[in-house]
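Structure assessment
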Amino acid sequence: MDRTEVGALVRSAVDGDAAAWKALVEGLSPLVWSVVRAHRLSDADAHEVYQTVWFRFAQHLHRLREPDKAGSWLASTARNECLKVLKGLTRLTFTDDPQVLDRASEERTPEQSLIDSEEEAAQAERIRRLWQEFEALGERCRQLLRVLMASPPPSYLEVSAALGIAVGSIGPLRQRCLRRLRARMDAREAA
Amino acid sequence: MSGTHDDEALPEEGCDDAGFDGDLLEEELRQAAAVLDPVPAELRQLALGAYALHDLDADIAELTFDSLVDALPVRGVPDAPRMLTFRAGGLTVDIEVTGEGLIGQVLPPGPARVEVLGGPRAARPVTVDTLGRFTSDTPPTGPFALRLRAGGQVVVTEWLRA
């Protein structure tokens, strides 16, 4: 989302404009969800972190020092909450949730069950393969790409806040990770 | 999250990006995420409803201590209670969250009204003694905050995940 637009929406929401709040949720909730997903939390933890982030954002709305950077605020708050969850888990249980890891291989989303025509089935199959290869990437690439694929695309400032990495390193790392993913897809198709 | 993977340890294989369109692949990933891992509809709805939590009349009590972050884990005590401290101006609230519920203390000690919030519409009053001590036998699940009225001040603690 465009930063000046975000800043204006925050200011309108502070003044009581519910439509502005709605626009903020539409524009930035995919980013928050991507950050939570990038950290591989269980579904239950992911849901709670997502809610906590939005509750706190509503609470702090009128106190944001830089309303233009609300996206970065949300991204770094989500990251911090995810890290807290992971910290709490390491003392108790193993964090890998097989349900999350197997998500792409289970054909259980309503979108998929609606697909009937062959063309759509081929497209769905391609998406499923892409997702599997994405999930099989190394942790750094998987995290970065999961955040980058939010819709609308996040700014590098937001990505930096989401993952705690320098803005300058995002471009080169992105290119490298996408190239790896492409290579995996090519290898799979050749096999 | 310091996971590494063999294929990331390899040296960069040249920088020949001719013919490789990263933007296109990223866009395909974006489409895949929209189908396979979208924001769940109920969560989007909860975020919309969170607007009701924007409250200009209450001060925010900021989290100044969280045992999950600021304390070393106690050896041999895997289920140590979560200790939290919030501050707003001269008011301090200490909370201990356990599997059995929640114990708290408002400082400076004195009468107060305390509610446990669980979202935009869920508020549960708890009993506070004259010295500002309170107990709840319902452990908070998911995001929670406390709303306090003490010494003429209305304060809400920062939202937190129990």
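Residues numbered from 1 in each chain as written. Chains lettered and ligands numbered in written order. Predicted model: local features only at pLDDT ≥ 70, side-chain atom pairs only at ≥ 80, totals over all residues.

1. Points about the overall build of chain A
Inclusion rule: Secondary structure elements are defined from DSSP: runs of H or I of at least 4 residues count as helices, runs of E of at least 2 residues count as strands, and each element is numbered from the N terminus. Any two residues are considered in contact once their C-beta atoms, placed from the backbone, lie within 7 Å.
Counting its regular elements, chain A contains 10 helices and zero strands. What you see in chain A, going N to C, is helices and strands ordered as α-α-α-α-α-α-α-α-α-α. Taking the intrachain contacts of chain A between residues at least 6 apart in sequence as the baseline, contacts between residues at least 24 apart amount to 71%.

2. What about the overall build of chain B?
Each helix and strand in chain B was counted, giving four helices and 10 strands. Moving toward the C terminus, one meets the helices and strands of chain B in the order α-α-α-β-α-β-β-β-β-β-β-β-β-β. The contacts in chain B between residues at least 6 apart in sequence include a share of 54% that link residues at least 24 apart.

3. Focus on the packing of helix 10 (residues 167-190) of chain A against helix 2 (residues 22-36) of chain B
Two packed helices can be described by the angle between their axes and the distance between those axes. Rules: Fitted lines through C-alpha atoms give the axes, limited to the stretch in contact for helices. The angle between two N-to-C directions lies from 0 to 180 degrees. Small angles under 35 degrees read as roughly parallel and large ones over 145 as roughly antiparallel, with 65 to 115 read as roughly perpendicular and the rest as oblique. Note that Gly is not counted as nonpolar here; it falls among the polar residues with everything else outside the nonpolar set of Ala, Val, Leu, Ile, Met, Phe, Trp, Tyr, Cys and Pro and the charged set of Asp, Glu, Lys and Arg.
Contact pair helix 10 of chain A / helix 2 of chain B: the axes reach a minimum separation of 10 Å and the direction vectors enclose 75 degrees. One finds that helix 10 of chain A runs roughly perpendicular with respect to helix 2 of chain B. Within the contact between the two elements, helix 10 of chain A uses Arg174, Gln175, Leu178, Leu181 and Arg182 of chain A and helix 2 of chain B uses Gly22, Leu25 and Glu26 of chain B. In terms of residue class, the contact of helix 10 of chain A with helix 2 of chain B is built from three nonpolar, two polar and three charged.

4. Describing helix 9 (residues 156-163) of chain A
Residues and elements named next belong to chain A. So the rule is basically this: Think of it as a crowd count around each C-beta: if 20 or more other C-beta atoms lie within 10 Å the residue is buried, if 12 or fewer it is exposed, and in between it is partly exposed, with C-beta placed from the backbone throughout.
Of all eight residues in helix 9, six are buried, a share of seventy percent or more. Those residues of helix 9 that fall on the buried side of the exposure criterion are Glu158, Val159, Ser160, Ala161, Ala162 and Leu163. In the stretch just after helix 9, Gly164 is the one whose phi turns positive, near 65 degrees.

5. Looking at the interface of chain A and chain B
With 55 residues of chain A at the interface, the matching set in chain B holds 45 residues. Among the elements of the structure, helix 2 (18-38), helix 3 (43-60), helix 4 (70-90), helix 7 (118-135), helix 8 (139-148) and helix 10 of chain A are those that each provide at least two residues to the side of chain A that touches chain B.

6. A closer look at the environment of Leu91 of chain B
Residues and elements named next belong to chain B. By the element assignment, Leu91 lies in strand 3 (residues 91-97). Overall, the presence of 19 C-beta atoms within 10 Å leaves Leu91 in the partly exposed class. Sequence spacing of Leu91 and Leu46 is 45 residues, and the spatial spacing of their C-alpha atoms is 30 Å. In contact with Leu91, not counting residues within four places along its chain, are Ala61, Ala150, Gly151, Gln153 and Val155.

7. Brief notes about the confidence of the model for chain A
Applied cut-off: Every residue carries a pLDDT, the predictor's confidence in it, which falls somewhere between 0 and 100.
For chain A, the average pLDDT comes to 88, and 86% of its residues sit at 70 or higher. Taken together, the stretch residues 92-107 of chain A has pLDDT below 50 and engages in 18 contacts with residues farther than four places along the chain or on a different chain.

8. Quick word on helix 10 of chain A
Filter applied, for reference: In a helix, the anticipated span is given by 1.5 Å times the number of residues less one.
Compared with an ideal rise of 1.5 Å per residue, which puts 24 residues at 34 Å, helix 10 of chain A spans 35 Å between its outermost C-alpha atoms and is within 8% of the ideal. Looking only at helix 10 of chain A, the buried set comprises Leu173, Cys177, Leu178, Arg180 and Leu181 of chain A.

9. Thoughts on the nonpolar core
Here is the rule we go by: A set of buried residues drawn from Ala, Val, Leu, Ile, Met, Phe, Trp, Tyr and Cys, joined through C-beta atoms within 7 Å, is what defines a nonpolar core.
With 86 residues, the main nonpolar core has Val32, Val35, Val36, Leu74 and Ala78 of chain A as its most contacted residues. Broken down by element, the residue count for this core peaks at 10 residues, all from helix 2 of chain A.

10. Thoughts on the pairing of strand 6 (residues 123-126) of chain B
All names here are of chain B. What counts here: Two strands pair if DSSP finds at least two bridges between them.
Both strand 5 (residues 113-117) and strand 6 contribute to a ladder of four bridges, which runs antiparallel. When the sheet's bridge partners are listed, Leu117 is paired in strand 6 with Ala123. Adjacent in sequence and paired antiparallel, strand 5 and strand 6 are bridged by five residues, among which Gly119 carries a positive phi angle near 160 degrees.

11. Some details on unusual backbone geometry
Residue Pro152 of chain A is bonded to the preceding Ser151 of chain A through a cis peptide linkage, with omega at 0 degrees. With respect to the helices and strands, Pro152 of chain A occurs in the loop between helix 8 and helix 9. Following Leu107 of chain B, the chain continues into Pro108 of chain B via a peptide bond in cis, with omega recorded as -5 degrees. On the secondary structure map, Pro108 of chain B appears in the loop between strand 4 (102-107) and strand 5.

12. Describing the confidence of the model for chain B
Detailed reading of the predicted coordinates is not advisable wherever pLDDT falls low. Residue and element names in this part refer to chain B. Here chain B averages 86 in pLDDT, and 83% of its residues register 70 or above. Looking across chain B, the model is least confident in helix 1 (residues 6-9), with a mean pLDDT of 43, and most confident in helix 3 (residues 41-49), with 96. Note that residues 1-15 has pLDDT below 50 and, in this model, 15 contacts with residues that lie over four places away or in other chains.

13. Some words on the packing of helix 1 (residues 3-14) of chain A against helix 2 of chain A
Residues and elements named next belong to chain A. Where we set the bar: For any helix crossing, the convention is left-handed if the near helix is rotated counterclockwise from the far helix by under a right angle, and right-handed if that rotation is clockwise.
Orientation of helix 1 relative to helix 2, taken along the N-to-C sense of each, is 140 degrees, at an axis distance of 7 Å. Viewed along their axes, helix 1 and helix 2 adopt a mutual orientation that is oblique. In the crossing of helix 1 with helix 2, the sense of the turn from one axis to the other is left-handed. Between helix 1 and helix 2, the residues in contact are Leu9, Val10, Ser12 and Ala13 and Ala20, Trp21, Ala23 and Leu24, respectively. Classifying every residue of the contact of helix 1 with helix 2 gives seven nonpolar, one polar and no charged.

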